[in-house]
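Secondary and tertiary structure notes
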Amino acid sequence: LPLGLGSCFSFQAGVTVLGYYFVRWRTLANAVASTGVSLGFTLWPLLSQYLLDEMGWRNTFLIFGGILLNCCVCGAIMRPVQLASGSLLQSPKPGEEPGRRAEEAQLPNGASSPHPELQQETRRTACFQMLQKYLAFDIFCQNKGYQIYTIGVTWMMMGFALPHVYLVPYAIQNGVEERRAALLISVIGFINIFIRPLTGLLSGHTVFTGRRIYLFSLAVLLCGLSNFICVISAEFSVLIIYCVILSIAMSGIGALIFQVLMDVVEMDRFSSALGLFTILESITLLIGPPLTGLLVDITSDFHYVFYNSSFFLISAALFMGLSFCALEKKNKLKEASKVPLDNPSRYQYNEMPTEPQFESQSPPAVVYITSI
């Protein structure tokens, strides 16, 4: 529990601050920051296996705890961003309750405190408004893009983590040596280190402005299709090819998942939107592997792992891509219907002759200007 809470606090704060620090190169910054995950994928299996063999599990956990303490150093380096004065919200005074201002705003000057029932109702309203603000329920109900993206990523997470959890047991069951099987995860992380910055640099180009959701959907689709390679064969060489293709698709997902969220939601509400976003995706990320593991225990067939992963990933990619395409067309139709109403004379159709009519045209008037 403490490990999970600490990871959530450091993760959300880091992603939010990153969005405030960078504007022009925000996509590349997200990709470079997510490269640390790839570095962990590369080193963690090899390092953990070595430490377990040499020092035991207790000392291994102590070393891992010391490594994670570096998050405190990173947090100490972060500094708040000075925003424009118009975008700053007036914060309550020290010691003032959040719902206090709502109560005082409803009371006229010199009025006495309300009845206990009214005061309790006011506090409930203030509490609901606070939850709505910091958990972004209002954004989820009003912003269709955020709604589609959150549902799509939440559904995607049901199958996204399955290959990482079951790839090594699947390889070991099919005769691959344990150390070589652990190397598969390192191959995925190693390729991600180089591909993620390139993906961020490419997607940050002006050509992809407003279209990064389609790149993200394409990466999710490729990730889902790559799982069928494991169904074909479980030889080590085939699994290496699978890891290469999967890592390329994962690079696009890792580099764009938060950048697309920043494109969909305004930055002043990004922290709240990220909170609800991570809560929902964490729920499906938690229940996906156990349910698939139960299916594997019942059938004794690891192929269902990759079938399930492909189903969730491909369906999520199609849902997000087609939904955003339909939403974009709907917005264009709305804008096109509003334009003639704003300035109808500008777009009024006038019939003009295609050929010049010299007979009907009067000769140009000649004006003589003389100086005195």
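This one's a predicted model, so the numbers in the text were calculated from it and none came from an experiment.

1. Points about the overall build of the protein chain
Counting its regular elements, the protein chain contains 14 helices and zero strands. For the protein chain, the succession of helices and strands along the chain, N to C, is α-α-α-α-α-α-α-α-α-α-α-α-α-α. Of the accessible surface of the protein chain, which amounts to about 23,700 Å², a share of 66% is contributed by carbon and sulfur atoms.

2. Digging into the UniProt feature "transmembrane region" (unreviewed entry) in the protein chain
UniProt marks residues 28-47, 59-78, 148-169, 181-201, 213-233, 239-261, 273-292 and 304-327 with the feature "transmembrane region" (unreviewed entry), using the numbering shown here. Between the first and last C-alpha atoms of residues 148-169 the distance is 34 Å; the span itself is 95% helix and 0% strand.

3. Thoughts on the environment of Asn 174
Inspection of the secondary structure puts Asn 174 in the loop between helix H8 (162-173) and helix H9 (178-203). A C-alpha to C-alpha distance of 9.6 Å links Asn 174 and Ser 233, two positions 59 residues apart in sequence.

4. Some details on helix H7 (residues 144-160)
For H7, built from 17 residues, the straight-helix expectation of 24 Å at 1.5 Å per residue is met to within 8% by its first-to-last C-alpha distance of 24 Å. Burial within H7 is extensive, with 13 of its 17 residues counted as buried. Structurally, the start of H7 carries an N-cap: the backbone nitrogen of Gly 145 is 3.1 Å from a side-chain oxygen of Asn 143.

5. A closer look at the packing of helix H10 (residues 212-226) against helix H12 (residues 236-264)
The contact between H10 and H12 brings their axes to 8 Å, and the two run at 150°. Here H10 lies roughly antiparallel to H12, going by the angle between them. Crossing geometry of H10 relative to H12 is assigned as left-handed. Along its contact with H10, which presents Arg 212, Ile 213, Leu 215, Phe 216, Ala 219, Val 220, Leu 222, Cys 223 and Ser 226, the element H12 presents Tyr 242, Ile 245, Leu 246, Ala 249, Gly 252, Ile 253, Leu 256, Ile 257, Gln 259, Val 260 and Asp 263. Of the residues contributing to the contact of H10 with H12, the split by class is 15 nonpolar, three polar and two charged.

6. Concerning the side chain of Ser 233
As for its placement among the helices and strands, Ser 233 is situated in the loop between helix H11 (228-232) and H12. Polar side-chain contacts of Ser 233 include one of 3.3 Å to the backbone nitrogen of Glu 235. Apart from residues lying up to four places away in sequence, Ser 233 is in contact with Tyr 170, Val 238 and Leu 239.

7. Let's talk about the pattern of salt bridges
In total, this model carries four salt bridges according to the counting rule given. Residues Asp 53 and Arg 179 are paired through a salt bridge, measuring 3.0 Å at the closest nitrogen-oxygen approach. You can see Asp 53 sitting in helix H2 (residues 26-68) and its partner Arg 179 sitting in helix H9, a full 126 residues away along the chain.

8. Digging into the nonpolar core
Core analysis: the largest hydrophobic core is formed by 63 residues, its most contacted members being Tyr 146, Tyr 149, Val 153, Met 156, Leu 167, Phe 216 and Phe 277. Of all the elements in the fold, those that place two or more residues in this core are H7, H8, H9, H10, H11, H12, helix H13 (270-299) and helix H14 (303-342). Ignoring any residue separated from it by four or fewer positions in sequence, one finds Tyr 149 in contact with Ile 213, Phe 216, Leu 256, Ile 257, Val 260, Leu 261, Phe 277, Met 320 and Phe 324.

9. Points about unusual backbone geometry
Backbone geometry at Ser 300 places phi at a positive 55°, although glycine is not the residue there. Given a relative accessible area of 57%, Ser 300 falls into the exposed group.

10. Brief notes about the side chain of Asn 227
Following the sequence through the fold, Asn 227 ends up in the loop between H10 and H11. On the basis of relative accessible area, Asn 227 is assigned to the buried category, the value being 0%. Among residues more than four places away in sequence, those in contact with Asn 227 are Pro 163, Tyr 242, Phe 306, Ser 309, Ser 310 and Leu 313.

11. Examining the packing of H12 against H13
Relative orientation of the contacting elements H12 and H13 amounts to 135°, with a least axis distance of 10 Å. When the axes of H12 and H13 are compared, the pair comes out oblique. By crossing handedness, the relation of H12 to H13 is classed as right-handed. On H13, the residues that touch Ile 257, Phe 258, Leu 261 and Met 262 of H12 are Phe 270, Leu 274, Phe 277 and Glu 281. Residues belonging to the contact of H12 with H13 are distributed by class as follows: seven nonpolar, no polar and one charged.

12. Section: the confidence of the model for the protein chain
Scored by pLDDT, the protein chain has a mean of 76; 76% of the residues are at 70 or more. Within the protein chain, helix H4 (residues 100-105) has the poorest average pLDDT of any element, 42, and H10 the best, 94. Low pLDDT, under 50, characterises residues 85-113; the predicted model gives this stretch 18 contacts beyond four residues in sequence or across chains. Predicted confidence is poor over residues 344-372, with pLDDT under 50, and the contacts of this stretch with residues over four places away or in other chains come to one contact.

13. Some details on a nonpolar patch on the surface
A cluster of nonpolar side chains, namely Tyr 21, Phe 22, Trp 25, Met 78 and Leu 201, defines an oily patch on the protein surface of about 480 Å² accessible area. Examined against the element boundaries, Met 78 turns out to sit in the loop between helix H3 (70-77) and H4.

14. What about the packing of aromatic side chains?
All chains considered together, the criterion is met by 13 aromatic pairs. For the pair Tyr 149 and Phe 216, a centre-to-centre distance of 5.6 Å together with 65° between the ring planes defines the contact as edge-to-face. With Tyr 149 in helix H7 and Phe 216 in helix H10, this residue pair connects regions lying 67 residues apart in the sequence. Assigned by exposure class, Tyr 149 and Phe 216 land together as buried.

Parameters at a glance
Residues numbered from 1 in each chain as written. Predicted model: local features only at pLDDT ≥ 70, side-chain atom pairs only at ≥ 80, totals over all residues. Heavy atoms only, no water. Helix = DSSP H or I, 4+ residues; strand = E, 2+ residues; numbered from the N terminus. Areas by Shrake-Rupley, 256 points an atom, 1.4 Å probe, with all protein chains shown as cover. UniProt positions renumbered as here; feature names shortened; annotations may be inferred. Expected span 1.5 Å × (residues − 1). Buried < 20%, exposed > 50% of the residue type's maximum accessible area, 1.4 Å probe, protein only. Polar contact = N/O pair within 3.5 Å; in protein donor to acceptor, adjacent residues only side chain to side chain. Axes fitted to C-alpha atoms, helices over the stretch in contact; angles between N-to-C directions. Parallel < 35°, antiparallel > 145°, perpendicular 65-115°, else oblique. Left-handed = near helix turned anticlockwise from the far one by under 90°. Contact = heavy atoms within 4.5 Å. Nonpolar A, V, L, I, M, F, W, Y, C, P; charged D, E, K, R; others polar. Salt bridge = Lys/Arg side-chain N within 4 Å of Asp/Glu carboxyl O. Core = buried A, V, L, I, M, F, W, Y, C linked by side-chain atoms within 4.5 Å. pLDDT = per-residue confidence, 0-100. Patch = residues over 30% accessible without salt bridge, like charges linked within 9 Å, V, L, I, M, F, W, Y side chains within 5 Å. Phe/Tyr/Trp six-rings, centres within 6.5 Å; stacked < 30°, edge-to-face > 60°.

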